[in-house]
Every structure is written in C-alpha cells, then in structure tokens.
Amino acid sequence: MNRSVLFSLVLLYLSVAPGCKRIGKFDMPGWFKQGDIVIGGIFPVYNREVVSIFNYEKKPTAVNCDRFDLRAFRWTQMMIFAIEEINKDPTILLNVTLGYRILDSCSSPTNTLRAALTLVGGQEENNSTCFPAVSAIVAEAGSSQSIAVASTVGPFQVPVVSYFSTCACLSDRAKYPTFFRTIPSDYYQAKALAALVKRFGWEWIGALQSDNDYGLNGIRAFKEEVTKLGVCIAFVGTIKRTYSVDKTLRVLEMIKKSTVKVILAFTAEGDFYPLMKEVVKQNITGIQWIASEAWITSSRLSTPEMFQAFGGALGFVMPKMAVPNLKPFLTSISPHADSGAVFVRTFWEIIMGCTPHLSGENSTSSLDGMCTGDETLSDSQDPFFDVTELRVSYNVYNAIYAIAHALHRVVFCKSVGEKAEDPCMNVSQIEPKQVTAQLQRVHFVNTFGDSIFFDENGDPPASYEVINWQLRDGEVHHVSLGHFASAVNGDYKLSILEEEIVWRTGKNIPTSVCSEVCPVGTRKAQIKGKPICCFECISCSGQSAVDCVPCPVKFWSNDKKDECIPKTVEYLTYSEPMGIIITVLSLLGASLSLTTMVIFIKNKQTPVIKASNVELSCFLLLSLVLCFLCPLTFIGTPTVWTCMLRHTAFGLTFAVCISCVLGKTIVVVLAFKATTPGSKVARQFGPKQQRIIVCACTFIQVVIIILWLTLNPPYPDMVFQHSTKKILLECNTGSEAAFYAVLSYIGFLAVICLVLAFIARKLPDNFNEAKFITFSLLIFCAVWISFIPAYVSSPGKFTTAVETFAILSSAFGLFICIFAPKCYIILIKPERNTKRLVVIHTAKKINMLKVMNLASLKLSGSFRARKAISRQAQANTPMYPRTHQNPTSEPATHSMMMVALWNPMLMLACGGLVTSQMRQISP
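The structure presented is a predicted model; accordingly, all values stated were derived computationally and were not measured. As a convention, each chain's residues are numbered from 1 in the sequence order in which they are written. The predicted origin of the model limits local features to residues at a pLDDT of at least 70 and limits the giving and counting of side-chain atom pairs to 80 or more, whereas totals for whole chains, interfaces and linings rest on all residues. Side-chain numbers come from the whole structure's heavy atoms, not from hydrogens or water.

A. Inspection of the overall build of the protein chain at higher detail. Numbering of helices and strands runs from the N terminus; a helix is a DSSP stretch of H or I covering at least four residues, while a strand is a stretch of E covering at least two. Check the secondary structure of the protein chain and you find 26 helices and 25 strands. Expressed as a percentage of its 923 residues, the buried residues of the protein chain come to 49%. We call two residues in contact whenever any of their non-hydrogen atoms come within 4.5 Å of each other. In the protein chain, the proportion of contacts linking residues at least 24 apart, taken out of those at least 6 apart, comes to 70%. Counting only carbon and sulfur atoms, one obtains 58% of the accessible surface of the protein chain, whose full area is about 44,300 Å². Buried means the residue's accessible area, taken with a 1.4 Å probe over protein chains only, is under 20% of the maximum for its type, while exposed means over 50%, and partly exposed covers the values in between. Here the accessible surface of atoms and residues is derived via Shrake-Rupley with a 1.4 Å probe, and residues count as covered only by protein chains that are part of the display.

B. Seen up close, the packing of aromatic side chains. We call Phe, Tyr and Trp rings a pair once their centres come within 6.5 Å, taking the six-membered ring for Trp, and we label the pair stacked below 30 degrees between planes, edge-to-face above 60, and tilted otherwise. In this structure the tally under the stated criterion is 39 aromatic pairs. Measuring from ring centre to ring centre gives 5.8 Å for Trp295 and Trp469, while their planes differ by 85°; the resulting arrangement is edge-to-face. Within this pair, whereas Trp295 is found in the loop between β12 (288–291) and α9 (304–310), its partner Trp469 is found in strand β16 (residues 463–472), the two being separated by 174 residues in sequence. Taken together, Trp31, Tyr46, Phe68, Phe73, Phe343, Phe347, Phe384 and Phe385 form an aromatic cluster joined through their ring pairs.

C. Summary view of the confidence of the model for the protein chain. Within the protein chain, residue pLDDT values average 79, and 78% of them lie at 70 or more. Every residue is assigned a pLDDT by the predictor, reflecting its confidence on a scale from 0 to 100. Between the elements of the protein chain, mean pLDDT differs from a low of 31, seen in helix α25 (residues 890–902), to a high of 96, seen in strand β8 (residues 179–181). Overall, residues 125–132 carries pLDDT values under 50, and its contacts beyond four positions in sequence, including any with other chains, amount to ten contacts. This stretch, residues 542–547, has a pLDDT under 50; its non-local contacts, to residues over four places away or in other chains, come to six contacts.

D. Local environment of the state of the cysteines. Here, a disulfide means two cysteine sulfur atoms that sit within 2.5 Å of each other. Applying the stated criterion across every chain yields a total of seven disulfides. Between the sulfur of Cys354 and that of Cys371 lies a disulfide, 1.9 Å long from S to S. Across the disulfide from Cys354 to Cys371, rotation about the S-S bond amounts to roughly 100°, and the bridge is consequently right-handed. In this pair, Cys354 is assigned in the loop between α11 (344–352) and α12 (392–412) and Cys371 in the loop between α11 and α12, connecting sequence segments 17 residues apart. On the basis of relative accessibility, which here comes to 9%, the residue Cys371 falls in the buried class. Each sulfur of the disulfide joining Cys413 and Cys424 lies 1.9 Å from the other. Looking along the S-S bond of the Cys413-Cys424 disulfide, the torsion reads about 90°, which is the right-handed sense.

E. View of helix α3 (residues 109–120). The end-to-end C-alpha distance of α3 is 16 Å, a good match for the 16 Å that twelve residues give at a rise of 1.5 Å each. Within α3, ten of the twelve residues are buried, which leaves the element mostly enclosed by the surrounding structure. Along α3, the positions that sit buried rather than exposed are Asn111, Thr112, Leu113, Arg114, Ala115, Ala116, Leu117, Thr118, Leu119 and Val120. Helix span is expected to be 1.5 Å times the residue number reduced by one.

F. The sheet that holds strand β25 (residues 726–732), seen in detail. Ordered by their spatial adjacency, three strands build an open sheet running β23-β25-β24, and the pairing between neighbours is mixed. Edge strands, defined here as strands with exactly one partner in the open sheet, are β23 (568–570) and β24 (715–719). When the angles between neighbouring strand axes are averaged without regard to direction, this sheet yields 30°. In this scheme, strands are said to pair when DSSP sees at least two bridges between them. Whenever a helix is involved, its axis is fitted only over the stretch in contact; in every case the axis is a line through C-alpha atoms, and angles between N-to-C directions fall within 0 to 180 degrees.

G. Fine view of the UniProt feature "transmembrane region" (unreviewed entry) in the protein chain. UniProt positions are given in the numbering used here, feature names are shortened, and annotations may be inferred rather than shown by experiment. Mapped onto this structure's residue numbering, the UniProt feature "transmembrane region" (unreviewed entry) falls at residues 578–601, 613–637, 649–672, 692–711, 737–760, 772–792 and 804–827. In the segment residues 804–827, helix accounts for 100% and strand for 0%; the C-alpha atoms at its two ends are 31 Å apart.

H. Main features of a nonpolar patch on the surface. A contiguous nonpolar surface patch, about 510 Å² in accessible area, is contributed by Phe699, Ile700, Val703, Leu707 and Leu711. Along the polypeptide, Leu707 turns up in helix α19 (residues 687–711). Since its relative accessible area comes to 49%, Leu707 is described here as partly exposed. For patch building, the residue pool is restricted to those with more than 30% relative accessible area and no salt bridge; the joining distance is 9 Å between like charges and 5 Å between nonpolar side chains (Val, Leu, Ile, Met, Phe, Trp, Tyr). A carboxyl oxygen of Asp or Glu within 4 Å of a side-chain nitrogen of Lys or Arg is what we treat as a salt bridge.

I. How the structure looks around the packing of α12 against helix α13 (residues 432–441). Running from amino to carboxyl end, α12 crosses α13 at an angle of 115°, the nearest separation of the two axes being 8 Å. Overall, the two elements α12 and α13 adopt an arrangement that is roughly perpendicular. As for the relative orientation of α12 and α13, their crossing is right-handed in sense. Here Ala402, Ile403, Ala406, Leu407, Arg409 and Val410 of α12 lie close against α13, whose contacting residues are Gln434, Val435, Gln438, Leu439 and Arg441. Partitioned by chemical class, the residues of the contact of α12 with α13 number seven nonpolar, two polar and two charged. Should an angle fall under 35 degrees it is taken as roughly parallel, and over 145 as roughly antiparallel, whereas 65 to 115 is taken as roughly perpendicular and any remaining angle as oblique. Left-handed describes a crossing in which the near helix is turned anticlockwise from the far one by less than a right angle; the clockwise case is right-handed. In this classification, Asp, Glu, Lys and Arg are treated as charged, Ala, Val, Leu, Ile, Met, Phe, Trp, Tyr, Cys and Pro as nonpolar, and every other residue, Gly included, as polar.

J. Highlighting unusual backbone geometry. Note the cis peptide between Ala139 and Glu140, where omega equals -5°. As for its placement among the helices and strands, Glu140 is situated in the loop between β6 (136–138) and α4 (143–153). We note that Cys106 has phi near 55°; this positive angle belongs to a residue other than glycine. On the secondary structure map, Cys106 appears in the loop between β5 (98–104) and α3. Unusually for a residue other than glycine, Cys413 sits at a positive phi of about 60°.

K. Geometry of the pattern of salt bridges. Here the structure, examined in full by the defined rule, presents 15 salt bridges. In this structure, the salt-bridge partner of Glu253 is Lys256, at a minimum N-O distance of 3.4 Å. Of this pair, Glu253 and Lys256 both sit in helix α7 (residues 245–257), separated by three residues, roughly a single helical turn. For Glu253, a relative accessible area of 35% gives the class partly exposed. You can call Lys256 partly exposed: its relative accessible area is 42%. Of the charged contacts, one joins Lys726 and Glu570 as a salt bridge, the two residues approaching to 3.1 Å between their closest N and O atoms. Here Lys726 is found in strand β25, whereas its partner Glu570 is found in strand β23, with 156 residues between them in sequence. By relative accessible area, which is 17% here, Glu570 ends up buried.

L. Seen up close, the nonpolar core. The nonpolar core is taken to be a set of buried Ala, Val, Leu, Ile, Met, Phe, Trp, Tyr and Cys residues, with the residues joined through side-chain atoms within 4.5 Å. Ranked by size, the top nonpolar core spans 109 residues in total, and within it Leu93, Phe272, Trp289 and Trp469 carry the most contacts. The element contributing the most residues to this core is α12, with 15 residues. Counting 62 residues, the second-largest nonpolar core is a separate cluster that includes Val625, Val783, Ala806 and Ile826.

M. Structural context of helix α8 (residues 269–281). With 13 residues, α8 extends 18 Å between its outermost C-alpha atoms, agreeing within 8% with the 18 Å of an ideal straight helix rising 1.5 Å per residue. Along α8, the residues that are buried comprise Glu269, Gly270, Asp271, Phe272, Leu275, Met276, Glu278, Val279 and Val280. At the C-terminal side of α8, Asn283 shows a positive phi close to 55°.

Here is the structure:
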C-alpha cells in the first residue's frame, strides 16, 4: 500500500507541476459528463478481472473483465439519476452544475486502485488542473476495494463515500480519515447475527467466509459476539470466486462431514455463487443457511433452482426504499440514444437478447441475433426495472445527496434550505479537504423522510431488516419479517415474526447442537479436544438428578453436592510469605545496585574504576536496578498493563544488562589479546563502539517485544484446570513463541558472553575480570536452564514465583560476581587501588612476558624459531622512545605511565598476565 501512495503522489505531481507531462495513463472505460464540480464513481460493473500474464517486454494491455453485473450497472444509473435530479433542484447548488466520472473496478482491489488514481490524477484532456479532477469519490462495493481507495486518497483529504463496504476496519479514523459510508458497519451486523443465533438457541454452527477483508473481518467479529453467548463454531470455510474447483469441493466436503445444521455464509455474492451451484448439484439439503447482507437479496442467487437447497435462508439487510421516478430513467437507457456510452451495449444484449446495430458499424455482418431497432424497455418485466425494493441503490442515492449537501455548504457557506443569495467561494477554489470537513457535519432529511448523517467514524446509524427466502408463485421472494436496530447506549433490539418464517425443515425451528441435553441421571463430561458444546453424558454414580447439575464455572460443589460455593481467587500477593520474600529481595538488590553505582561515580577517578569502564559499569548497574524491580510487577492482581509489563520489562532490562556484560567482556578479551606493543585492536574498540554494541543488542530485543505486544500481547487470564476449588488468576503470555523468543535471545547473548569470557579465563589473578564474568554467566545460564522445566511444571502462582526467583537469582549472580570484588578493593583494600602499584606491576610483567616468549622459542631449536627470536629481539626496542633506550631511565618510566593512564584496562590485563608467568618461572 505504501507503494500505491507513493505512486499516486508522483502521479499528482506530474499532473500539476509546470513544464511536466504525464508519462502514461490507465485505459479505464467509463462515463464522463462535464460539470462545474465533478464527482467520481467506482462500481464493479464487471465482477471478475481476467488475469493476464505480462512478459515485461511491451506495455501491458488494458484490463480485461467479464461477468457483467446488472445489479452494479443499476448502481451506476442511480448515481447518474441522483446527479441529474440535483442539477434540476433549485434548492441545492443553485447555478452550480454537477458532473460525474464513473469507472469500472471489475471487483478487483488492483483495478479499483487504478480507477482511484485516474480520478484523483485529473482528466487527461485537461493537464492544467490545479486540484484533483474530482471533489469526492463514491466507492466501492467491496471492503477490500474500499480499503485500497481510502488508504490511497486519504492523505490527499479526498472524501470517499462507500455504498456497500461494511468491514468494521474501515471505521478506523486513524487509517481512513476521509472514509464515509451509507451502509452500517459489520460491527452491528455481527451483533445482529449473534442475536439471531441466540434467539433460536443454535449452539453448534458452521461458518463460511470470503477470502478478503469483508469475510475475514466479518467472521472475526461474529465469533467474538457468539463466543460471549456460549455458541461454538464447528468449522470456518474460506471461499473466493477465483478459487479452483478443487478448493471449493474441499469446503463442500467439510460441510458434508460436519454435524452442523446451521451455517452462516459471510461472503460476497460472487464468491458464494460457485459453492451454491455445487451444493445444489450434489443435493445437499437439510441445512438452515444464515446470510450476510452481501447476498441475501441478490437476484442472481435468488432463483428457484437455488431455492432447492437454500430455501428459508435468513439474513439481515438494509431497509428497502422505493424510488418511483427511477423507473422511467432506467427504461430510457438505449444504445441508440448514446452510442458512445460504455456498458450500455452489453446491458442491452443481456436484457433484450439481441445485438444492437449502431451507426458507423459494418452493415455486412451477419444479421443473426441483430436487433431491429424497434425494441423498447418500457414493457420489460426484468427485475432490473423493479424500483420498489431498492437497498444498495438507495445507499448510492444517499451518498450522492450527502456529497451534494457538503458541496452546498462549501460553496454557499450555509446549509441547504437556508437563504443564500450568492456563493461565498468560487467553485474552482474548492479543495477536497473542505468537502471532507463538511461531510462530517452533514445532517439532513432526504426526500423519503430518512435522516442522513455520519458519526465520528463516518458510519450511519445501524438499522436492518430480517429477510427470509420464500417461494411464491414459482419465484423467490425476499420477505421482511423483522427488524434490528441499535440504540444510542450501545444496546439493540431484535423483533421477528417467528410464526411467519419458512424454515428449510418446514414449520419447525431447526435445532443445531453438538451434543443433546443429558437425560435425567446423567451429567455432562467434556470430550478432550472438542469445543465446550460437545460433551458426553455419563452416569451420576447413584446420585440424584439434582446433584448432576454442574455448578457455574466460578463455583464448586460441596461434599454433599447440594450447594454451589464460590471458588477462591488465587494469585501472588504482597501479604503472603512468598510475596514478602520476593519484595524484600527485590528492594535489597535494587538498593545495593544503586549504592554501588554511587560508589562507582564517587570513585570514578581511581584506577580500579577506570579499568572497569565507568560508563559500561553504570549502565550495567542501572539495568540491574530495573532487573531487581521487575519481580514487583509479578505480585498483585494481574491487569492488562501489568501483564504486558511483566515479561516485556524483564526481557528488555536483562537484554540491556547482558549487552553491557558483553561490552565489558569484549574489552577484557581485546585487552588480553593486544599484548603486542602499539597494537590498535583495543584502541579501535573505544567507548563509541561499546555504546553501539549495547544499543544494537538491545534494539533487537525491543523489536521482538514490539512484535509481541502488537500481534499477541500478554493478558490476564483465569485458569480453572489446576484446582476444583480455586480460580488461578495469572497472566497468559499470549504468544508462547514470543515469550520463548525473548528468553532465547537473552540466552543467546549470555552464551556469547560466556564463550568470550572463557577465552580470556587464564588472565592472571592481579586483575582477572574475565573469570568473574565467566562465573557470573555460568550462574546465569544455570539458573535459566533450570527455570524452563520448573516454569512448565509449576501450577498457578508457583509459576509466577519460579520466574521471579529466577530473575532475582540471575540478577544477584551478575551483581555479586562482577561488582563485589571491585567494592572490596575500593572499600576494604584501598591501598591496592593506586596508579603506582598498577604501573610498576605492569611494566615488570610485560618485560617478563617477553623473556618467557624468547625462552619458549629457544627450546624449539628450529630455524623458524631462531628467525622468530631475531624478530622478537628487534621488536624490544620500540617499547620505549628512540631517544631513551634505557628502560630504567626516568623518561621511559614517564612514557609507560602515560600509556597506562591512556588505556588502564589494557595495562592491567597485561600486568596480570606477566605476574602469573613470573610466578611460574621464579625459584
């Protein structure tokens, strides 16, 4: 989608920049009528795009579509009808003519995007347009298509008014700030469908969804609603018009093998049609179908043939409306009146059954199937001309009028009906963002008495009719038998005339349960791996039938099985001994870490602190403070915020902590390896590189945590499995994979630190931070390796306790092993914390190390060894300046002092190494 927005930006720029011209355009057939203000329209006149294969060797051909949709064609005519009606109305947009540009989307998000870019990119005939050619767009029928349009033109503040896109996701004002619609959101339709299921006691149902935003989001919202009611969904099948026959048959087999008797089809008309044909072909009957508004009133599907399997279908749809003046307009459509009008020829061939002969065409062609020219639509009985039960077409009508009212407020600065003598703005100066702002404020009563307005999300008020498929006189009728409406307080009301419903099974309400109600003397026994609606009935073991009635999930029965007692809620609290111990240890560790940090800052100029890298040490101490405080989030009643904070804060703080240890380990290793005088290895890993190591390692953990919180964050959960008398209140990790990914990354960093510290484990004892780091990481790894089996096997609040003690143990291990020796020297043995002692020991040990290297080379006796001795002897001189060859002279000693002060870590490490070697060779 970002690429689409970028492309549209480029397209707009090319259309308005001086001296530039458009390098290409989409070949989009459609209607166009000039006006002072132009309104764009995108409709799925053809409902399938023919897939083309491009070889990238020549310019792609125009998009080819098939399956002409009469229903969508009528929507386009309703738009034209409404605009012409507004142009004739003196009360709205007086002396301002509305024009239109209508394009076909082929029911494809890709082609819809092309159409949207064509509309906002200006008219190809007029390259001097300063603003988008259209002031608003009426689009689209499918939710996926509307998402493509709204997300593309939204940044340009171009308003989009949809007439048939119901996905609840489009109510997100942050993503789609200029999207409006005249059809209720699926948020309300999901509530209506759930209320219908509850009304008739259906507990075991199947579901079918379109493989697009409409179907996927609709079923998701429906599942959320019915789950609250205790309804189980046996299966969810996914279908689409472009799927192969094999995929469709697999869904059909799933339906045949299931025991459900009620199936909800939350699909688009074109997606459901292939499956319907297979259901009728295989004579699958006895299923009560529930329909979404997308297909329940479709004339293409409502045929006597389909009624054999889908008769009695129930569904919700927008209230119908009759527009009497529309019929003369529809019957006046003729290819002879406007031979250049697109789609009219195809429409005429479908309705009249013959091909019109237009002027300018080759008259020598075959006359078979050609129209005589005397045909008329006035007497046609095709359902296309039935304007008494308009639903989606009525939404198009309201969308045009809503845009017109908004434009009126922009041009005249007053609402329709208020006296306005002259415009307050030139129509050429209208900007789309002004239309968007006025659309949000639109509130009027249309010709038919309906109140038209949008809420803060761009949605209209929710109102549905309950539709039932009934066969009368050999034709399928959509009989309205009820009503569903939402209230301001979020409540709803469903009213149905149950006695007039024609069911698929006859007059009796069908039942759909996974397991029948247990008879007297038996009780329910849950079947492992099955939903809660599926159970077995087992004997009550001599108990009475009353005793077999199970208590609610938050209650348990007493020993006499005659009373339900509330279960106690259990979680780790501050008042119990375990909580007190964790709290004391957390505060103790945090206090010791803060105290140590103060000591380090106060003594930062001393050799031991300098050699320990003050900056990394302070970062490490600060992260340890946070690590010690993490267990406090594990105590108390779990909430949404504390659950998200528990594991994420722990993972982040320990990542910072181990990253700091990694930086210190690398410093020690480089100091140990850089024993060659003048080596640049240690110099290249300075403070800047250390900060980069810490930040880079921490950033990876931050990314993991953000993905975790975004996709499947932790949440408070009640666990009933571990005890029949207690409810264990704990935090569910949400995503086990994310939780173990956080732990694994910390373990990965710890293993790297351990390996590096192990390499430098033989650093001599005078200053051996590598051994301390190695030992601390061994403790760290041992704690967390033993944590995993303990965490998995511990029930209830003991799981929380295991994790908190693991955090505290590993934090104390790092703190004591790394910082206790330094605090010992600073506070107990300050006489060892002097520059003179460090420098004297270092100089002696470096010279001794060279002596040892020469001795080992002499023992080899080889020519290569003697050559190496010669090079080593030549290398002795550069240790001191060329002007001071005596190593015991004062200038040389001063030079060594400067080197030691410049990199105390390197000198201390080398000094410790030589001390160990001297001890080994001394008598």
